[in-house]
Structures are given as structure tokens and as C-alpha cells.
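# Examining the three-dimensional arrangement
Here is what each chain is made of, one letter per residue.
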Amino acid sequence: MNICVISGSTLGSAEYVAEHLEEVLKTQGFSTALFHGPELDDVIDENIWLIVTSTHGAGELPDNLKPLFEQIAASDKDLSSLRFAVVGLGNSDYDTFCHAVNKVETQLSEKSAVKICDSLKIDVLHVDDQEQFAEDWLPQFINAL
Ligand SMILES: Cc1cc2nc3c(=O)[nH]c(=O)nc-3n(C[C@H](O)[C@H](O)[C@H](O)COP(=O)(O)O)c2cc1C
């Protein structure tokens, strides 16, 4: 079983969390692939996506994740064999707290991909150790595989 970890990040926080989760998955014996802001062609053959994304702009995806989701929106591919989970980083000072998570969930569900567990929304205003916080959530994802 290969787990494809996809990060969307501007200044690196979500990228660090993605790298950490990938390391933990590897130590638990999973085979993994890590992509920072991939193109659809890079990840379309993978069946499990763990997406780690921050939110920017007014509830937008980070710039490096926009191309992937634009390509998904423009594609007529059915993604029903894709299972996914989402980890978001955001700041609860914004009304659009972690809206990138909602966008990812909506867009993938529209293409019939299957969300396998509740998403994690990390509030960087209150959570200092975001990598550990995400690691603590990881069993939910693993148990749903
Ligand atoms: C210009 C700017 C806009 C932001 N907009 C949002 C937002 O709409 N919603 C949210 O939850 N967080 C927002 N944030 C907070 C970031 O998501 C948060 O700082 C996150 O840790 C950034 O991670 P990154 O370095 O991986 O991009 C914003 C941050 C900046 C600098």
C-alpha cells in the first residue's frame, strides 16, 4: 500500500508537517511518496492521498497547490478509486479558518474520491508543536486505511 503525501505550503509550515507525517508513516512500515505542490500527472496513479495544506489569501489554497486542484477541476477523470484525508494548517484569527481543507474535500468529493476519516484542522495560533499534533491524529488515518 503506497501513501502519497501531498503538501501545499507558502512558507514551509505545512511542508514540515507533511515531511514529518511521511517519516512517521515510513517508520511504521508504509511505503510513501512525498510531493510538494505536484501536478496531477505526478499523483494521478496513486490510490491514497494524504494532503497537508495551509490556507492563504481569503480562504484560498496555497499557490503551489492551486495548479493541482485547477487540473482536477478541469479533468473529466473519475477519482472513485482514490481515498484521501486532509490535514490543514490555519489561523483562527481568520474568518476563513482552514478553508483550504473544505475546498480540497469538496473538490475531491465532486470527483467521487472517498474521504476516509475526519480532517484535522491545526490552529497555529494555539498549537505550537504542529508536527506532534498531526502525529497524534495519524492513527485515525491509519486505522481507516
Ligand atoms: C497572507 C496570509 C493569509 C492567510 N489567510 C488565512 C486564511 O484565510 N485562513 C486561515 O485559516 N489561515 C490563514 N493564514 C494563516 C496560515 O495558513 C498559517 O500561518 C499557516 O501556518 C501557514 O502555513 P504555510 O507556511 O505552510 O503556508 C494566512 C496567513 C497569511 C500570511
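An account of the accompanying structure is given in this report. (Residues numbered from 1 in each chain as written. Predicted model: local features only at pLDDT ≥ 70, side-chain atom pairs only at ≥ 80, totals over all residues. Heavy atoms only, no water.)

Right, let's get into the overall build of the protein chain. Along the backbone of the protein chain there are five helices and six strands. Secondary structure of the protein chain in N-to-C order comes out as β-α-β-α-β-α-β-α-β-β-α. Over its C-alpha trace the protein chain gives a radius of gyration of 14 Å, about what one expects of a compact globule, namely 15 Å for 145 residues. Principal axes of the C-alpha set define a box for the protein chain whose edges measure 40 × 35 × 25 Å. When the 145 residues of the protein chain are sorted by exposure, 47% land in the buried category. Residue pairs at least 24 apart in sequence account for 77% of intrachain contacts in the protein chain once pairs closer than 6 positions are excluded. (Helix = DSSP H or I, 4+ residues; strand = E, 2+ residues; numbered from the N terminus. Rg over C-alpha atoms; globule rule 2.2 N^0.38 Å. Buried < 20%, exposed > 50% of the residue type's maximum accessible area, 1.4 Å probe, protein only. Contact = heavy atoms within 4.5 Å.)

Our focus in this paragraph is a negative patch on the surface. Taken together, the side chains of Glu19, Asp128, Asp129, Glu131 and Asp136 define an acidic patch exposed on the protein surface. Its place among the elements puts aspartate 128 in the loop between strand S6 (120-123) and helix H5 (130-144). For aspartate 128, a relative accessible area of 74% puts it in the exposed group. (Patch = residues over 30% accessible without salt bridge, like charges linked within 9 Å, V, L, I, M, F, W, Y side chains within 5 Å. Areas by Shrake-Rupley, 256 points an atom, 1.4 Å probe, with all protein chains shown as cover. Salt bridge = Lys/Arg side-chain N within 4 Å of Asp/Glu carboxyl O. Lys, Arg positive; Asp, Glu negative; His and termini not counted. Charge placed at Lys NZ, Arg CZ, Asp CG, Glu CD.)

A few words on H5. Compared with the 21 Å implied by 1.5 Å per residue over 15 residues, the 22 Å span of H5 between its first and last C-alpha is a close match. Of all the bends found along H5, the most pronounced is centred on tryptophan 137 and spans about 35°, while proline 139, a proline, follows it within four residues. Those residues of H5 that sit buried are Gln130, Ala134, Trp137, Leu138, Phe141 and Ile142. Of the surrounding elements, those touching the buried residues of H5 are strand S1 (2-8), helix H1 (13-27), strand S3 (48-54), strand S4 (83-90) and S6. (Expected span 1.5 Å × (residues − 1). Bend = angle between axes of the 7 residues up to and from the residue.)

Further remarks concern the side chain of serine 7. Inspection of the secondary structure assignment puts serine 7 in strand S1. In this structure serine 7 touches Ala14, Glu15, Ala18, Phe35, His36, Gly37, Val52, Asn64 and Leu65, once residues within four positions along its chain are discounted.

Near the ligand there are 19 residues, and of these Ser9, Thr10, Ser54, Thr55 and Thr96 occur at the shortest range. Here an oxygen atom of the ligand sits 3.0 Å away from a polar atom, N or O, in the main chain of leucine 11. Protein chains bury 80% of the 650 Å² of accessible surface belonging to the ligand in isolation. Considered class by class, the residues forming the shell around the ligand number seven nonpolar, twelve polar and no charged. (Near = heavy atom within 4 Å. Polar contact = N/O pair within 3.5 Å; in protein donor to acceptor, adjacent residues only side chain to side chain. Nonpolar A, V, L, I, M, F, W, Y, C, P; charged D, E, K, R; others polar.)

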